[in-house]
Amino acid sequence: MQVDTWMSRRVHTVKPHDTIAHARALMEAHRINQLPVVVEGKLVGIITDRDLRDAFPSVFDSPIEGRRKPKPPGSDPAKIQVEAVMTPHVLTLTSKDNIVEAARMMRRERVGAIPVVDHDRLVGILARSDVLDAFVALAEADPKLSPEGA
């Protein structure tokens with residue numbers, strides 16, 4: 001089975017100069033954990049929910065009982081650009097890669113999604129949920145693996 005059978009073709013993306021506040025809003029709105037970073041359709045990085053958690057100021061930076069702690073310069077999410085916190089060297093797949101090898105890569109590298117790139121263009125993304133969908137389809141197709149066959 002190839003990646004293109006299971007990947008999501010509708011990929012939400014950001015640009016390097018978008019703010020991390022914008023990236024976070026996109027992730028929340030679409031309930032996703034990764035956003036490929038693209039320039040004119042070419043993948044230049046990825047930003048994850050973990051990157052954003054690490055970049056956003058902590059609740060401990062907020063005023064506590066009338067005491068104000070000065071915020072470090074540049075800690076406003078509306079001013080920090082994606083390129084400052086993204087991962088620039090991204091694991092990628094091609095649409096013709098094998099789904100099993102893709103799943104092994106995701107597990108080995110401990111990532112929740114891998115962008116799919118063909119001919120230097122972002123064409124999709126394979127998320128953990130896509131791999132689970134493939135597993136379920138295989139299990140349902142094989143009577144030995146389905147709950148009814150047990």
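Procedures and definitions
Residues numbered from 1 in each chain as written. Predicted model: local features only at pLDDT ≥ 70, side-chain atom pairs only at ≥ 80, totals over all residues. Heavy atoms only, no water. Core = buried A, V, L, I, M, F, W, Y, C linked by side-chain atoms within 4.5 Å. Buried < 20%, exposed > 50% of the residue type's maximum accessible area, 1.4 Å probe, protein only. Helix = DSSP H or I, 4+ residues; strand = E, 2+ residues; numbered from the N terminus. Contact = heavy atoms within 4.5 Å. pLDDT = per-residue confidence, 0-100. Arc of directions from axis to C-beta. Polar contact = N/O pair within 3.5 Å; in protein donor to acceptor, adjacent residues only side chain to side chain.

## Here we look at the nonpolar core
Point 1. Ranked by size, the top nonpolar core spans 14 residues in total, and within it Val14, Ile20, Leu35, Ile47, Leu52 and Val82 carry the most contacts.
Point 2. Elements with a contribution of two residues or more to this core: helix H2 (20–30), strand S1 (34–39) and helix H3 (49–55).
Point 3. Considering each element in turn, this core owes the most residues, four residues, to H2.
Point 4. With sequence-adjacent residues up to four places away left out, Leu35 is seen in contact with His12, Thr13, Val14, Ala23, Leu26, Met27, Ile46 and Ile47.
Point 5. Within the second largest apolar cluster, 13 residues are counted, among which are Val3, Trp6, Leu93 and Ala134.

## Concerning the confidence of the model for the protein chain
Point 1. When pLDDT is averaged along the protein chain, the result is 86; 83% of the residues meet or exceed 70.
Point 2. Looking across the protein chain, the model is least confident in H3, with a mean pLDDT of 85, and most confident in strand S3 (residues 113–118), with 97.
Point 3. Segment residues 66–73 is flagged for pLDDT under 50; beyond a separation of four residues in sequence, or across chains, it makes three contacts in the model.

## Regarding helix H4 (residues 99–109)
Within an α-helix, residues lying three or four positions from one another point in the same direction, as the helix has 3.6 residues per turn.
Point 1. If you check which residues of H4 are buried, you get Ile99, Ala102, Met105 and Met106. Axial view of H4: buried residues confined to an arc of 115°, hence all on one face. Exposed side chains of H4 directed beyond 90 degrees from the buried face belong to Arg107 and Arg108.
Point 2. One side-chain oxygen of the residue at the start of H4 lies 2.7 Å from the amide nitrogen of Val100, identifying that residue as Asn98.

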